[in-house]
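Topology and contacts: notes
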Amino acid sequence: MVLRYDSKKLSGAVFLVTAFILSMMSAMLLTVWLVGITVFYIATDKVRGALKALVLIQVRSLLGVSVSVSINAASILKWIVLFALSLYILFSCYSKTVVNLNKLLLLLLIFCVYISFTALFVSSYPIVVIAKVVSYSIPFAAILCGVHYHSDFDWIGYFNKTLGFVLFGGSVLLGSSKGYLVNGHAFQGALNHPNMYGIMLAVFLAGYLYCRKNSIKVLDYFVIIFILFLIFQTESRTGFISAVTVLSVHFLFSKINTAFKVIIVIFGLAFLLISFELPFFDNFTDFIYKGQDDIWYSRSELLDRNLDRFYNNFLFGTGFNVPYIEGFQSFEFSFDKIVENGNFITAILGDIGIVGAFIFVMIYGNILKSGDKRNLALFIVPFMISMGEMVFFSSNNCALVLYFYFAVYFRDSSNSIKQSNNN
């Protein structure tokens, strides 16, 4: 019986990996794959299958043109599939999870109504804003409900196995021109950009530590070091700072003995002091400053533009993730008008103003308050990576990954852990 079950499981894994690889070869096979996995997963595993399909589509979207056909070859179909899966999840399990999520979902609804309504008056492209709000809120709500509905499933483990296949599989391209930008600098592996590879490695690290929150073995330390090494090769400052923050937060809130924590901190500080005298420190400084005198040089124009939009309308903002042209308004719709304004804090203020930012803080403050602080890295890493690469609201990019992290953090509340222990 056990052997037969394992055989079926192995056959299913081989089938899915083969289908995934075939989707990389042509636009036609990509189209077949998008429709095929949607039908296959819903037919065989219902809500849980729909969530698995979202994970696979998200990971597939990260692949670069050097190793596969771009997901943009079927971008419209991808949007349709994402929303079909999200709506299926919501209609299937909303009524069974709303009791525990009603406050959070109500805040999300208020946030979306606020942004959509104010966009009619302050945004240059209000229809695009409304579309962007829908593309953010529907998948987010679906993942919150779906993860809560299937709370017994290891969603972070499933996601990390899938993402790890791409991240570490792409590491074989180290030294190959296919794994780097055209100029030969910044390693991107199998992904579409070095910065994306860097932040996804940081996200993977947060999930990896979550799956090993009870104990870390010697092999895990080598994996962590290898992840940091790969991030350093990407030249992604956001990825590196996010990874260090994830490690620090996990370390502080872990079950490690306090005395052992003190010893590690002492050794860590000693290592930093020694590093100042080593050639490594010069390389690290170049990595952080990227050859400029000002660490914010590459982002200064973007930050100034976001702040200008905030000063223009500090209460209501100037439009959610769309360009702003003072005195101009158009009700046309175009995917080209959707932009990611970079740097999470200034983008939020420029996009939705103080009022919108307040509602936003209420939503994620509710998530923060409800979750188990031992898993705080899951909550923090989405914000950290968005400080440099504003992907927080982009379900067409990698935001679905972040929504899974929020959903799992919210699900694993301290109260539920206490109740399960009492039982």
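These numbers were taken from a predicted model, which means no experiment stands behind them.

1. Section: the overall build of the protein
When helices and strands are counted, the protein shows 15 helices and 0 strands. Burial statistics for the protein: of 423 residues in total, 49% are counted as buried. Long-range contacts, defined as pairs at least 24 residues apart, comprise 78% of the intrachain contacts of the protein with a sequence gap of at least 6. Roughly 20,400 Å² of accessible area belongs to the protein as shown, and the carbon and sulfur atoms make up 68% of that amount.

2. Topic: the packing of aromatic side chains
Tallying each qualifying case throughout the model produces 45 aromatic pairs. The ring of Tyr 208 is capped by Arg 212, whose NZ or CZ atom sits 3.7 Å from the centre of that ring.

3. Structural notes on the side chain of Ser 236
Of note, Ser 236 is situated in the loop between helix H7 (218–234) and helix H8 (237–253). Of the polar contacts made by the side chain of Ser 236, one reaches the backbone nitrogen of Gly 239; its length is 2.9 Å.

4. Points about helix H13 (residues 376–386)
With 9 of 11 residues buried, H13 is to be regarded as a mostly interior element. Buried within H13 we find Leu 376, Ala 377, Leu 378, Phe 379, Val 381, Pro 382, Phe 383, Ile 385 and Ser 386. The inward-facing, buried residues of H13 abut helix H5 (155–169), helix H6 (194–211), H8, helix H12 (344–370) and helix H14 (399–411).

5. A few points about the environment of Ala 186
Tracing the backbone through its elements, the reader meets Ala 186 in the loop between H5 and H6. Here the alpha-carbon distance between Ala 186 and Tyr 197, two residues 11 residues apart in the chain, equals 9.9 Å. Other than its neighbours up to four places away in sequence, Ala 186 contacts Gly 179, Tyr 180, Leu 181, Pro 194, Gln 233, Thr 234 and Glu 235.

6. Details of the environment of Gly 175
Inspection of the secondary structure assignment puts Gly 175 in the loop between H5 and H6. By relative accessible area, Gly 175 is classed as exposed at 71%. Sequence-wise, Gly 175 and Phe 187 are 12 residues apart; in three dimensions their C-alpha atoms are separated by 8.9 Å.

7. Considerations on the confidence of the model for the protein
Of all residues in the protein, 80% have pLDDT values of 70 or greater, and the mean over the chain is 81. In the predicted structure, residues 1–5 sits below a pLDDT of 50 and forms 0 contacts with residues beyond four places in sequence or in another chain. Across residues 414–423, confidence stays below pLDDT 50; counting only partners more than four residues off in sequence or on other chains, it has 8 contacts.

8. Digging into the nonpolar core
Of all hydrophobic cores here, the largest spans 119 residues; its most connected members are Met 200 and Tyr 364. When residues in this core are grouped by element, the largest group, 16 residues, is from helix H3 (residues 75–122). The contacts of Met 200, once residues within four sequence positions are left out, are Leu 62, Leu 163, Leu 167, Leu 191 and Cys 398.

9. Considerations on the packing of H8 against H13
For the pair H8 and H13, the least separation of the axes is 9 Å and the interaxial angle reads 160 degrees. Relative to H13, H8 is oriented roughly antiparallel. Considering only the axes of H8 and H13, their crossing is right-handed. Packed against H8, whose contacting residues are Thr 238, Ile 241, Ser 242, Thr 245, Val 246, Val 249 and Phe 253, the element H13 presents Leu 376, Ala 377, Ile 380, Val 381, Met 384 and Ile 385 at the interface. Residue classes in the contact of H8 with H13 are distributed as 10 nonpolar, 3 polar and no charged.

10. Overview of the pattern of salt bridges
This model, assessed by the stated rule, comprises 5 salt bridges. Each of Asp 45, Arg 48 and Lys 52 takes part in salt bridges that share partners, so that together they form one network.

11. Focus on the side chain of Thr 234
Tracing the chain through its elements places Thr 234 in helix H7. The class of Thr 234 is buried, set by a relative accessible area of 1%. Once residues within four sequence positions are removed from consideration, Thr 234 is found in contact with Ala 186, Phe 187, Pro 194, Tyr 197, Gly 198 and Leu 201.

What counts, and at which threshold
- Starting from 1, residues in each chain are numbered consecutively following that chain's sequence as written.
- Thresholds applied to this predicted model are a pLDDT of at least 70 for local features of residues and 80 or more for the giving and counting of side-chain atom pairs; totals over whole chains, interfaces and linings are not thresholded and use all residues.
- Computation of side-chain values covers all heavy atoms of the structure but excludes hydrogens and water.
- Working definition: helices are DSSP H or I runs of at least four residues, strands are E runs of at least two. Numbering for both runs from the N terminus.
- Note on exposure labels: buried denotes an accessible area under 20% of the residue type's maximum, exposed denotes more than 50%, and partly exposed covers the range between, all computed with a 1.4 Å probe on protein chains only.
- Should any heavy atoms of two residues lie within 4.5 Å, those residues are considered in contact.
- Note that accessible areas follow from Shrake-Rupley with a 1.4 Å probe, and for residues the cover is restricted to the protein chains shown.
- Between the rings of Phe, Tyr and Trp (Trp by its six-membered ring), a pair exists once the centres lie within 6.5 Å; its type follows the angle of the planes, with under 30 degrees stacked, over 60 edge-to-face, and the other angles tilted.
- The criterion is that NZ of a Lys, or CZ of an Arg, lies within 6 Å of the ring centre and within 35 degrees of the ring normal, and then a charge sits over that ring.
- In protein, a polar contact means a hydrogen-donor-capable atom and an acceptor-capable atom, both N or O and within 3.5 Å, with residues adjacent in sequence counting only if both atoms are side-chain atoms; elsewhere, any N or O pair within 3.5 Å suffices.
- pLDDT is a residue-level measure of predictor confidence that goes from 0 to 100.
- Here, the term nonpolar core denotes a set of buried Ala, Val, Leu, Ile, Met, Phe, Trp, Tyr and Cys residues that are joined through side-chain atoms within 4.5 Å.
- Simply put, an axis is a line fit to the C-alpha atoms, just over the touching stretch for a helix, and the angle between two N-to-C directions goes from 0 to 180 degrees.
- Angle categories are assigned with fixed cut-offs, so that under 35 degrees is roughly parallel, over 145 is roughly antiparallel, 65 to 115 is roughly perpendicular, and the rest are oblique.
- Take the far helix as the reference: if the near one is turned anticlockwise from it by less than a right angle, the crossing is left-handed, and if turned clockwise, right-handed.
- Residues are grouped as follows: Ala, Val, Leu, Ile, Met, Phe, Trp, Tyr, Cys and Pro are nonpolar; Asp, Glu, Lys and Arg are charged; every other residue, Gly included, is polar.
- The term salt bridge refers to a side-chain nitrogen of Lys or Arg lying within 4 Å of a carboxyl oxygen of Asp or Glu.

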